[in-house]
Amino acid sequence: MESTALVTAAAGEIGRAVVERLLAEKVVQRVIAVDCAEPREPLPDGAEFHCCDLLDSAQVARLADVVPQRLDVLVNVLGGERRPPVRPVEDTAWPPREVWDDIFALNATSAFVVTGALRDRLTRGSAVCSVSSIAAAMPWAVCPAYGAAKAALEHWSGSLAVLLAGRGVRVNLVRPGFVWSRQWAAIDHDEFERVVADRVPLREEQTAADVAASVAFLCSPAARHLTGQAVNVDGGAALVRAAR
């Protein structure tokens, strides 16, 4: 049986990079690429796209039907903030309840839902990796809901690592630092460059490919004794602990 991965948010920058890296490094032979929107460019050979809203139980059930009985790798990439938000936000520190709930749904609940639906397909040697953020581990005043949601994802992932260890399933996280994204595009590129210059010791922004490289490693046999870990892909930003 060919080895299989499922990657969420696969049409986005990080998700697509993860799909490409898992296949290029032969971590798996097949990737089920999941997103709500079609990818703008064709996916690489070995990847098949499935449209699915991970917060819709019926759609998740249909997605589970195409996943083989053994799933070797599950990568939860879906996250960020919806643009535009579900309701206008005047103060990011105190967003409307619907926006707060939506951010938690995208960044924490989605990973819980898809992992829960597929947990019986994860067997000895399987790996789960979720994309978190350095915002989970420091004050994130620019959007407290986002940092809180990622912190919730990390706490749940740590518990999941313990729960699944007896089955030989590993659970890890990557924490991107400052990756240019739609969220940053809604602010300003000059501001992004200033933040990178001021708060990233290596003085370089991180890329989707950088994040994908760490995801692929954590999902590979080379990381077979790593579980319950969070790898910062941030150029050292978390070392200086500058609250955003």
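An account of the accompanying structure is given in this report. None of the values given here were measured: they were computed from a predicted structure. (Residues numbered from 1 in each chain as written. Predicted model: local features only at pLDDT ≥ 70, side-chain atom pairs only at ≥ 80, totals over all residues. Heavy atoms only, no water.)

As for the overall build of the chain
In terms of helices and strands, the chain carries 8 helices and 7 strands. Going through the 244 residues of the chain one by one, you find that 49% of them count as buried. At a minimum sequence separation of 6, the contacts of the chain that also span at least 24 residues come to 71%. If you sum the accessible surface of the chain, you get close to 11,800 Å²; carbon and sulfur atoms cover 53% of it. (Helix = DSSP H or I, 4+ residues; strand = E, 2+ residues; numbered from the N terminus. Buried < 20%, exposed > 50% of the residue type's maximum accessible area, 1.4 Å probe, protein only. Contact = heavy atoms within 4.5 Å. Areas by Shrake-Rupley, 256 points an atom, 1.4 Å probe, with all protein chains shown as cover.)

A short note on the packing of aromatic side chains
What the rule picks out here adds up to 2 aromatic pairs. Seen from their ring centres, F112 and W156 are 6.3 Å apart, and the 75° between their planes marks the pair as edge-to-face. Taken together, the positions of F112 in helix 3 (residues 97-118) and W156 in helix 4 (residues 144-165) put the pair 44 residues apart, joining distant regions of the chain. (Phe/Tyr/Trp six-rings, centres within 6.5 Å; stacked < 30°, edge-to-face > 60°.)

Here's the deal with the packing of helix 1 (residues 13-24) against helix 7 (residues 208-218)
Where helix 1 contacts helix 7, the two axes come as close as 8 Å, and the packing angle between them is 50°. Classed by the angle they form, the pair helix 1 and helix 7 counts as oblique. As helix 1 runs across helix 7, the sense of the crossing is right-handed. When helix 1 is examined against helix 7, the residues E13, I14, A17, V18, R21 and L22 are found in contact with a partner set consisting of A208, A209, V211, A212, A213, V215 and A216. Residues belonging to the contact of helix 1 with helix 7 are distributed by class as follows: 11 nonpolar, no polar and 2 charged. (Axes fitted to C-alpha atoms, helices over the stretch in contact; angles between N-to-C directions. Parallel < 35°, antiparallel > 145°, perpendicular 65-115°, else oblique. Left-handed = near helix turned anticlockwise from the far one by under 90°. Nonpolar A, V, L, I, M, F, W, Y, C, P; charged D, E, K, R; others polar.)

Brief notes about the packing of helix 3 against helix 4
Closest axis-to-axis distance for the helix 3/helix 4 pair is 8 Å, and the angle between their directions is 20°. Viewed along their axes, helix 3 and helix 4 adopt a mutual orientation that is roughly parallel. As helix 3 runs across helix 4, the sense of the crossing is right-handed. Here W100, I103, F104, N107, A108, A111, F112 and T115 of helix 3 lie close against helix 4, whose contacting residues are A145, Y146, A148, A149, K150, A152, L153, W156 and L160.

Some remarks on the side chain of T8
The topology assignment puts T8 in the loop between strand 1 (4-7) and helix 1. The class of T8 is buried, set by a relative accessible area of 1%. Beyond its immediate chain neighbours, meaning those up to four positions away, T8 contacts G15, V34, L54, V75, N76, V77, L78 and V114.

Observations regarding the sheet that holds strand 7 (residues 230-233)
Across the sheet, which stays open at both edges, the 7 strands sit in the order 3-2-1-4-5-6-7 with parallel pairing between neighbours. Across the chains shown, the open sheet's two edge strands, defined by having one partner strand only, are strand 3 (47-51) and strand 7. The sheet shows a mean angle of 20° between the axes of neighbouring strands, direction not considered. Strand direction decides the pairing type here: strand 1 and strand 4 (residues 73-76), joined by 3 bridges, are parallel. (Pairing = 2+ DSSP bridges.)

Things to note about unusual backbone geometry
The omega torsion across R83 and P84 is -5°, close enough to zero to call that bond cis. Within the element layout of this structure, P84 appears in the loop between strand 4 and helix 3. Within the chain, A9 stands out as a residue other than glycine whose phi angle is a positive 50°. Position of A9 among the secondary structure elements: in the loop between strand 1 and helix 1. Non-glycine residue K26 carries a positive phi angle of around 60°. With respect to the helices and strands, K26 occurs in the loop between helix 1 and strand 2 (30-35).

Observations regarding the pattern of salt bridges
Two side chains that carry opposite charge are able to pair once their charged atoms sit near each other. In total, this model carries 10 salt bridges according to the counting rule given. Among the ionic pairs, R16 bridges to E20, the shortest N-O distance being 3.0 Å. Of this pair, R16 and E20 both sit in helix 1, 4 residues apart, which is roughly one turn of that helix. With a relative accessible area of 34%, E20 lands in the partly exposed category. For R21, the salt bridge identified is with E25, shortest N-O distance 2.6 Å. With a relative accessible area of 40%, E25 lands in the partly exposed category. (Salt bridge = Lys/Arg side-chain N within 4 Å of Asp/Glu carboxyl O.)

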